[in-house]
Amino acid sequence: MLPIQVKEMIEEGLPNAIIEINSEDGSHFEAIVVSEAFADLSMVKQHQKVYALLDEAIKANAIHALSLKTYTPDSWEKAKKSQLA
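Residues numbered from 1 in each chain as written. Predicted model: local features only at pLDDT ≥ 70, side-chain atom pairs only at ≥ 80, totals over all residues. Heavy atoms only, no water.

Under an unreviewed UniProt entry, the name given to the chain is BolA/IbaG family iron-sulfur metabolism protein, and the organism recorded is Beggiatoa leptomitoformis. In its Sequence similarities (unreviewed entry) section, the UniProt entry covering the chain states "Belongs to the BolA/IbaG family." (UniProt positions renumbered as here; feature names shortened; annotations may be inferred.)

This is the structure we're talking about:
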């Protein structure tokens, strides 16, 4: 599976999200997802929301592993600033 396909699946359920997907082998993915939809959700709930969007691909073993980082727009800005410090 191509990273763009994973991105498109997430975009369908989280329009206007900022999504970065990386993969070296097409089955193990790293994702950063930034969405206002994560406001007031715990990190576990944020991850569950993304995993639900990818459920079919995971069950079909098209996605074997996913390293996921989720952020609200505010927490994303803070994370970017802390990485620069």
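Further notes follow.
It is worth spelling out the packing of aromatic side chains at this point. The tally for this structure, following the rule as stated, stands at 1 aromatic pair. Between Tyr71 and Trp76, the aromatic rings sit 5.0 Å apart at their centres with planes inclined by 55 degrees, giving tilted as the arrangement. Taking the relative accessible area as the measure of exposure, Tyr71 reaches 15% and is therefore buried. Owing to a relative accessible area of 12%, Trp76 belongs among the buried residues under this scheme. (Phe/Tyr/Trp six-rings, centres within 6.5 Å; stacked < 30°, edge-to-face > 60°. Buried < 20%, exposed > 50% of the residue type's maximum accessible area, 1.4 Å probe, protein only.)

What follows deals with the environment of Ile63. Inspection of the secondary structure puts Ile63 in the loop between α3 (55-59) and β3 (65-71). Taking the C-alpha atoms as reference, Ile63 lies 9.8 Å from Leu2; in sequence the two are 61 residues apart. When near neighbours in sequence (up to four residues on either side) are disregarded, Ile63 contacts Met1, Val6, Met9, Ser27, Phe29, Leu54, Ala57 and Ile58. (Helix = DSSP H or I, 4+ residues; strand = E, 2+ residues; numbered from the N terminus. Contact = heavy atoms within 4.5 Å.)

This part is about unusual backbone geometry. Here the phi dihedral of Asn16 falls at roughly 70 degrees; this positive angle occurs in a residue that is not glycine. Looking at the secondary structure, you find Asn16 in the loop between α1 (3-13) and β1 (18-23). With a phi angle near 70 degrees, Asp40 is a residue other than glycine that sits in the positive phi range. Here Asp40 is to be found in the loop between β2 (28-34) and α2 (43-53).

Right, let's talk about the pairing of β2 for a bit. Pairing geometry for β1 and β2, over 6 bridges, is antiparallel. Residue pairing in the sheet places Ser23 in a bridge with Phe29 of β2. Turn length for the β1-β2 hairpin, with the two strands adjacent in sequence and antiparallel, is 4 residues, and the turn residue Gly26 shows positive phi of about 80 degrees. Relative to β3, β2 runs parallel, the two sharing 7 bridges. (Pairing = 2+ DSSP bridges.)

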